[in-house]
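So you can see what is in the structure, the chains are spelled out below.
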Amino acid sequence: MTRIWQKAEDAETRFPLPFRIYEGCGNGKPRPLVLYLSGHAFGSAPARSTDAPAALAMAAAGALVVEADCGGPSQNRFPGTLERGFEALKYLFAKRKRFANLRSPVLVAGDEAGGNVAASLALKARDAMPGELAGQVLLSPMLDPRMVTVSFRRADDIGLRERWADGWGHYLALACYGQHPYAAPCLCSRLAGVAPALVVTSDDDPLRDESLDYAERLRTAGVPVKTRSLADNLGWTGIYDGKDGEWHSHFSTEFSQFLGELPV
């Protein structure tokens, strides 16, 4: 089942947020609360008229998913997008009882450009509110503005290279931002202590290499990491256009298992 909240406001910070709520069936335990950020390669996106497949998959696994538009009001530029995302995350922590349960674990999730912001939020949460964030779910995260990986060479085959190049150019309005670990998490040299991660990609995904490389660097830093590269016949790259597919049930299962393995 999906509920939609058009707007919520924190009385203390007076920070308005547009929300889309995805609520599945609970299993009797405190329901996980997920802040979900969708992609669009840091470009402008029309108001969503359909449900986000990735959010539905997480809701099907028992989470309450809050899709938030953190980029629109900041024109999808760093650091405004990250700051707005962090305000959204703090809002959910402050209002956790309203959305789910005071004991509900809070996670961040995102795909493509939203995966970048989710990874960055996990880093910022580690620094600003250590130990609070329960997990991060990175779905083909857009992490590397250099765009030089082997898998990225396939981007031309699905027409995304120009879109991603333009997106990075827009997001990193100043050249120096490209070296900031919160803007390009793949360049962060201090990864220890961030929340456990679930990283999902696919064998035919142009962002596969940077996704798996980041997962391995997290693992080397001592962060619990679960990775999954889906078969290329499951339609995973449709996630960039908000398309559903066979990947939906596979991801929902992976997410459910990830939740079960999180530290209590």
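Treat the numbers as computed from the prediction; the structure is a model and nothing was measured.

Rules of the game
Residues numbered from 1 in each chain as written. Predicted model: local features only at pLDDT ≥ 70, side-chain atom pairs only at ≥ 80, totals over all residues. Heavy atoms only, no water. Helix = DSSP H or I, 4+ residues; strand = E, 2+ residues; numbered from the N terminus. Buried < 20%, exposed > 50% of the residue type's maximum accessible area, 1.4 Å probe, protein only. Contact = heavy atoms within 4.5 Å. Areas by Shrake-Rupley, 256 points an atom, 1.4 Å probe, with all protein chains shown as cover. Salt bridge = Lys/Arg side-chain N within 4 Å of Asp/Glu carboxyl O. Core = buried A, V, L, I, M, F, W, Y, C linked by side-chain atoms within 4.5 Å. Pairing = 2+ DSSP bridges. Right-handed = clockwise from strand over helix to strand, strands pointing away. Phe/Tyr/Trp six-rings, centres within 6.5 Å; stacked < 30°, edge-to-face > 60°. Lys NZ or Arg CZ within 6 Å of the ring centre and 35° of its normal.

Details of the overall build of the protein chain
Helix and strand counts for the protein chain come out as 7 helices and 10 strands. Looking at the protein chain as a whole, 55% of its 264 residues qualify as buried. Residue pairs at least 24 apart in sequence account for 77% of intrachain contacts in the protein chain once pairs closer than 6 positions are excluded. Accessible surface for the protein chain amounts to roughly 11,400 Å². Of this, 49% is attributable to carbon and sulfur atoms.

Let's talk about the pattern of salt bridges
All told, the structure shown has 12 salt bridges when counted by the stated rule. With a shortest N-O distance of 3.2 Å, Lys 90 and Glu 87 are connected by a salt bridge. Taken together, the residues Lys 90 and Glu 87, both in helix H2 (residues 80-94) and 3 residues apart, mark about one turn of the helix. Lys 90 sits in the partly exposed class, given a relative accessible area of 36%. Here Glu 254 makes a salt bridge to Lys 226, at a shortest N to O gap of 3.4 Å. Separated by 28 residues along the polypeptide, Glu 254 in helix H7 (residues 247-261) and Lys 226 in strand E10 (residues 225-230) bring together distant segments of the chain. The exposure class of Glu 254 is buried, given its relative accessible area of 8%. Given a relative accessible area of 18%, Lys 226 falls into the buried group. The structure contains a network of salt bridges with shared partners spanning Glu 112, Arg 163 and Asp 241.

Here we look at the nonpolar core
Generally speaking, nonpolar side chains in soluble globular proteins are found buried as a group. Counting residues in hydrophobic clusters, the biggest one holds 87 residues, and the most contacted among them are Val 65, Leu 89, Phe 99, Val 137, Trp 164, Phe 251 and Phe 255. With 8 residues, the top contributor of residues to this core is helix H4 (residues 113-128). Setting aside residues no more than four positions away along its own chain, Phe 251 makes contact with Ala 54, Ala 57, Met 58, Val 137, Leu 139, Leu 198, Val 200 and Trp 236.

Brief notes about the pairing of E10
Examined bridge by bridge, strand E9 (residues 197-202) and E10 share 6 bridges and lie parallel to one another. Along E10, the bridge assignment pairs Val 199 with Thr 227. For the segment spanning E9, helix H6 (residues 208-220) and E10, crossover handedness is right-handed.

A closer look at the environment of Gly 245
Here Gly 245 lies in the loop between E10 and H7. As for Gly 245 and Gly 235, which are separated by 10 residues in sequence, their C-alpha atoms are 5.6 Å apart.

Comments concerning the packing of aromatic side chains
Going through the model one piece at a time under the given rule, you end up with 9 aromatic pairs. Summarising the aromatic geometry, the rings of Phe 42 and Tyr 171 are spaced 3.8 Å apart at their centres and angled 5° between planes, so their arrangement reads as stacked. Placement of Phe 42 in the loop between strand E5 (33-37) and helix H1 (53-60) and of Tyr 171 in helix H5 (residues 161-171) is noted, with a sequence separation of 129 residues between them. As far as burial versus exposure is concerned, Phe 42 and Tyr 171 are alike and both buried. Between Phe 78 and Tyr 171, the aromatic rings sit 5.8 Å apart at their centres with planes inclined by 65°, giving edge-to-face as the arrangement. Here Tyr 171 lies in helix H5 and Phe 78 lies in the loop between strand E6 (64-68) and H2, a separation of 93 residues in the sequence. The residues Phe 78 and Tyr 171 share a single accessibility class, namely buried. Taken together, Phe 42, Phe 78, Trp 168 and Tyr 171 form an aromatic cluster joined through their ring pairs. The aromatic ring of Phe 86 is capped on one face by Lys 124, whose charged end is 5.0 Å from the ring centroid.

Digging into the pairing of strand E8 (residues 135-141)
Of all 7 residues in E8, 7 are buried, a share of seventy percent or more. As paired strands, strand E7 (residues 106-112) and E8 are joined by 6 bridges and run parallel to one another. Across the sheet, the residue bridging to Leu 107 is Gly 135, located in E8. For the crossover from E7 across H4 to E8, the handedness is right-handed.

Description of unusual backbone geometry
Note that the residue after Phe 78, namely Pro 79, is joined by a cis bond; omega there is 5°. A positive phi is found at Ser 140, a non-glycine position, where the angle reads about 45°. Along the polypeptide, Ser 140 turns up in strand E8. For Met 147, which is not glycine, the phi dihedral falls at a positive 50°. On the secondary structure map, Met 147 appears in the loop between E8 and H5. Met 147 gets classed as buried once you look at its relative accessible area, which sits at 19%.

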